[in-house]
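So the chains spell out like this:
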Amino acid sequence: MAWYSSLLFGFGIAGRREAGVQQANAGSYAVANITVNEDTALKLSSVWACVRLIAETIGGLPVNAYKIQADGTRILDNEHPLAQLFKNKPNKYQNRVEFFETMTMQLCLHGNAYAHITRTGNRITSLLPLMAEQMEVDLLTDGSVVYRYNSGNNLSVYAPESIWHIKLMSNGIVGLSPLAYARNSVGIGIASDDRVKALASNGFKPTGVLTIDKLL
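Since this is a predicted model, take the numbers as computed values, not measurements.

**Details of the overall build of the protein**
For the protein, the count of helices and strands is seven helices and 13 strands. For the protein, with 216 residues in total, the buried portion stands at 33%. In the protein, the proportion of contacts linking residues at least 24 apart, taken out of those at least 6 apart, comes to 58%.

So, in structure tokens, the structure goes:
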């Protein structure tokens, strides 16, 4: 049962699905007086390199829409609304590559990536990424899901139809946060970097010398 006990942390058991706010455990963590969050983790060159490699690789992949023929074969459908959306700009701030880089970065760090869906009629006209740290996912007693997004002093509530939610392995409602589960390793890395920085700032010179008048 060692694997079972290793999943215990924070607010309960990883993957548990109960009514209420679902715990992806995105946010800040204190590890040996070191704050581990998205910003501090990305200052580690290893974390930055891994997240950048995955995000840029996914962002550079083509996005195609296909139409299924009567015989089961598929052909490119360049007139599909999503094909047109990603051909141009998925939102007013980003092109396709930047959009998928943002979504992938959120997924790598927090285990969840969210985008607000804007429609004109039944046609999707915009996909705008929402930051995972600012999102709460609430499972109601009737089984429905509500998304609450905190932006400064503003709280926006969204139905599932208005959110594109990509999640890692999870309880089916929210993905588990890689940053939360790697917080000890990341915290040690941050502490090591801080120690080396403190030594380098003094030119790696010792602050004093201890001498004795006899052999130890």
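**Considerations on the sheet that holds strand β9 (residues 123-130)**
In spatial order, the strands read β9-β8-β13; together these three strands make up an open sheet with antiparallel pairing. The open sheet is flanked by β9 and β13 (163-167), the only strands paired with a single partner. With direction set aside, neighbouring strand axes in the sheet form an average angle of 25 degrees. By the bridge criterion, seven bridges tie strand β8 (residues 112-120) to β9 in an arrangement that is antiparallel. If you follow tyrosine 114 over to β9, its bridge partner there is leucine 130.

**Some remarks on the pairing of strand β10 (residues 135-139)**
Summarising burial for β10: four of the five residues are buried, a large majority. As paired elements, strand β3 (residues 20-21) and β10 share two bridges and run antiparallel to each other. Across the sheet, the residue bridging to glycine 20 is leucine 139, located in β10. Here five bridges tie β10 to strand β11 (residues 145-151), and the two strands are oriented antiparallel to one another. Within the sheet, the bridge partner assigned to valine 137 lies in β11 and is tyrosine 147. What sits between β10 and β11 in their antiparallel hairpin is a turn of five residues, with glycine 143 showing a positive phi close to 95 degrees.

**A word on the pattern of salt bridges**
Summed over all chains, the structure comprises two salt bridges. Among the ionic pairs, glutamate 56 bridges to arginine 52, the shortest N-O distance being 3.0 Å. Of the two residues, glutamate 56 and arginine 52 are both situated in helix α3 (residues 45-59); the distance of four residues between them amounts to about one turn of the helix. The exposure class of glutamate 56 is partly exposed, given its relative accessible area of 40%. Residue arginine 148 is joined to aspartate 138 by a salt bridge in which the shortest nitrogen-to-oxygen separation is 2.7 Å. Taken together, the residues span a long stretch of sequence, with arginine 148 in strand β11 and aspartate 138 in strand β10 at a distance of 10 residues.

**Thoughts on the environment of tyrosine 147**
Mapped onto the fold, tyrosine 147 is located in strand β11. Distance in space between the C-alpha atoms of tyrosine 147 and valine 137 is 4.8 Å, their sequence separation being 10 residues. Among residues more than four places away in sequence, those in contact with tyrosine 147 are Tyr114, Met135, Glu136, Val137, Ser156, Val157, Tyr158, Ala159, Pro160, Ile163 and His165.

**Brief notes about the environment of arginine 52**
On the basis of relative accessibility, which here comes to 45%, the residue arginine 52 falls in the partly exposed class. Arginine 52 sits 53 residues away from methionine 105 along the chain, and the two C-alpha atoms are 7.6 Å apart.

**Brief notes about the sheet that holds strand β12 (residues 154-158)**
Sheet architecture is open: four strands sit in the order β3-β10-β11-β12, paired in antiparallel fashion. Whereas interior strands pair on both sides, the edge strands pair on one side only; in this sheet they are β3 and β12.

**Things to note about the packing of aromatic side chains**
A complete count under the given rule lists five aromatic pairs for this structure. Ring geometry for phenylalanine 86 versus phenylalanine 99: centroids 5.9 Å apart, planes at 45 degrees, classification tilted. In this pair, phenylalanine 86 sits in helix α4 (residues 81-87) while phenylalanine 99 sits in helix α5 (residues 96-110), placing the two residues 13 residues apart along the sequence. The class of phenylalanine 86 is buried, set by a relative accessible area of 8%. Taking 5.2 Å as the distance between ring centres and 35 degrees as the angle between the ring planes, the aromatic pair formed by phenylalanine 86 and phenylalanine 100 counts as tilted. Taken together, the residues span a long stretch of sequence, with phenylalanine 86 in helix α4 and phenylalanine 100 in helix α5 at a distance of 14 residues. A connected cluster of aromatic rings, assembled from ring pairs, spans Phe86, Phe99, Phe100 and Trp164. The residue whose ring lies beneath arginine 74 is tyrosine 66, and the NZ or CZ to ring-centre distance is 4.2 Å.

The rules behind these values
Residues numbered from 1 in each chain as written. Predicted model: local features only at pLDDT ≥ 70, side-chain atom pairs only at ≥ 80, totals over all residues. Heavy atoms only, no water. Helix = DSSP H or I, 4+ residues; strand = E, 2+ residues; numbered from the N terminus. Buried < 20%, exposed > 50% of the residue type's maximum accessible area, 1.4 Å probe, protein only. Contact = heavy atoms within 4.5 Å. Pairing = 2+ DSSP bridges. Axes fitted to C-alpha atoms, helices over the stretch in contact; angles between N-to-C directions. Salt bridge = Lys/Arg side-chain N within 4 Å of Asp/Glu carboxyl O. Phe/Tyr/Trp six-rings, centres within 6.5 Å; stacked < 30°, edge-to-face > 60°. Lys NZ or Arg CZ within 6 Å of the ring centre and 35° of its normal.

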